[in-house]
Amino acid sequence: MNTEIEIKLTIAPSAIQKLLKSRFICNLPTSAGQKILQNSYYDTDDWQLHSQKIALRVRKSDQQYIQTLKTQGSSEQGMHQRLEWEWDLSSDQLDFSLLPSDHWPAEIDTNTIKQQFTTNFTRQLWYIQHIDQQGAQSLVEMALDQGQVATVHSAETLEISELELELVNGKPVALTEIAAQLIEQCVELVPSDISKAARGFALLKRVRG
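Bear in mind the structure is a predicted one, so any value in this text is a computation, not a measurement. (Residues numbered from 1 in each chain as written. Predicted model: local features only at pLDDT ≥ 70, side-chain atom pairs only at ≥ 80, totals over all residues. Heavy atoms only, no water.)

Draft legend 1. Quick look at the overall build of the protein. Within the protein, the secondary structure is distributed over five helices and 10 strands. The C-alpha radius of gyration of the protein comes to 18 Å, within 12% of the 17 Å expected for a compact globule of 209 residues. If one aligns the C-alpha atoms of the protein with their principal axes, the spans along those axes are about 50 × 35 × 35 Å. When burial is assessed residue by residue, the protein has 48% of its 209 residues classed as buried. Restricting the contact set of the protein to residue pairs at least 6 apart, pairs at least 24 apart contribute 67%. Carbon and sulfur atoms make up 46% of the accessible area of the protein, which totals about 10,900 Å². Looking at charge distribution, the protein has the averaged site of its 19 positive side-chain charges lying 5 Å from that of its 27 negative ones. (Helix = DSSP H or I, 4+ residues; strand = E, 2+ residues; numbered from the N terminus. Rg over C-alpha atoms; globule rule 2.2 N^0.38 Å. Buried < 20%, exposed > 50% of the residue type's maximum accessible area, 1.4 Å probe, protein only. Contact = heavy atoms within 4.5 Å. Areas by Shrake-Rupley, 256 points an atom, 1.4 Å probe, with all protein chains shown as cover. Lys, Arg positive; Asp, Glu negative; His and termini not counted. Charge placed at Lys NZ, Arg CZ, Asp CG, Glu CD.)

Draft legend 2. The arrangement of the layout of surface pockets in detail. Space inside the largest pocket adds up to approximately 1,000 Å³. Around the largest pocket, the lining is made up of 48 residues, and of these Glu4, Glu6, Lys70, Arg82 and Glu84 lie nearest the centre. Counting residues per element, the lining of the largest pocket draws most heavily on strand S1 (residues 2-10), at six residues. (1 Å grid on protein atoms, 1.4 Å probe; cavity = no way out; pocket = protein on both sides within 12 Å on 5 of 7 lines; lining within 4 Å. Points joined across faces, edges and corners; volume = space filled by probe spheres on them.)

Draft legend 3. Structural context of unusual backbone geometry. You will see that lysine 53, though not glycine, has its phi angle at about 60°, which is positive. Along the chain, lysine 53 falls in the loop between helix H3 (48-51) and strand S3 (55-61). Exposure remark for lysine 53: the relative accessible area of 53% places this residue in the exposed category. For aspartate 62, which is not glycine, the phi torsion reads 55° and is therefore positive. Examined against the element boundaries, aspartate 62 turns out to sit in the loop between S3 and strand S4 (64-70). You can call aspartate 62 exposed: its relative accessible area is 61%.

Draft legend 4. Region of the structure containing the pairing of strand S2 (residues 33-43). In this sheet, strand S7 (residues 114-131) lies alongside S2 in antiparallel orientation, the contact comprising 11 bridges. From the neighbouring strand, isoleucine 36 faces S7, where its bridge partner is threonine 122. Across six bridges, S2 lies against S3 in antiparallel orientation. Bridge pairing in S3 links tyrosine 42 to leucine 56. (Pairing = 2+ DSSP bridges.)

Draft legend 5. The nonpolar core, seen in detail. Counting 26 residues, the largest nonpolar core has Leu19, Met142, Leu165 and Leu182 as the members making the most contacts within it. Listed by contribution, the elements that provide at least two residues to this core are S1, helix H1 (16-20), helix H2 (23-26), S7, strand S8 (137-151), strand S9 (154-169) and helix H4 (173-185). Core analysis: the next-biggest nonpolar cluster, separate from the first, contains 15 residues, Tyr42, Ile54, Leu69 and Leu89 among them. (Core = buried A, V, L, I, M, F, W, Y, C linked by side-chain atoms within 4.5 Å.)

Draft legend 6. Molecular detail of the pattern of salt bridges. Under the defined criterion, the tally for this structure stands at 14 salt bridges. One salt bridge connects lysine 196 with glutamate 164, and the closest N-O pair in it is separated by 2.8 Å. With lysine 196 in helix H5 (residues 196-208) and glutamate 164 in strand S9, this pair connects stretches of sequence that are 32 residues apart. Classification of lysine 196 by relative accessible area gives buried; the value is 6%. Sharing partners across several salt bridges, the network here consists of Lys8, Arg123, Asp145, Glu162, Glu164 and Lys196. (Salt bridge = Lys/Arg side-chain N within 4 Å of Asp/Glu carboxyl O.)

Draft legend 7. Region of the structure containing H4. The end-to-end C-alpha separation of H4 is 19 Å, in line with the 18 Å expected for 13 residues at 1.5 Å each. Turning to H4, its buried residues are Ala174, Leu175, Glu177, Ile178, Ala179, Leu182 and Gln185. (Expected span 1.5 Å × (residues − 1).)

Note that all results are geometric; they support no functional claim without further evidence.
If you want it as structure tokens, here you go:
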């Protein structure tokens, strides 16, 4: 189990090139590369997990499958903090035996869990060694995500275009200081408290009418 601490910044696709040409990104070491992430999110048909701010997904990256559980945390002005568990899988099928019983709602029957929507996107990565104003060193992962949220219930999709700053180690203030520098150089970046999972459920609600 880890505590995920991140800041999410949305950006219009038309502003991506401006971001990539910003002084901040141009001064970084070479990008750590790109990868395609395919994610399936699961819940009951009446969204009992979502109502308790819990997200359950299976992610495919290259030929690796990862099952992730995230529980309710806090979110303010784009900074998110929540508990997170990850397990390697041998296929794209959920393994309910891995779920921590003390963090899984006892009233939810795993037999009622179904795939609800997908988020598929390309992620470009950078790793930033940051020294804050107090002299503390932190390592931050910066990810530029571009893709779509989709559901089997409709051809309608939602666009994914966002920059995530996640604390690998160090102090959370590193995230706010980096975000401030990025926003100063690319004002189109806007802090967001809306996760990809929340956007998926918003799309489901829309297509259900």
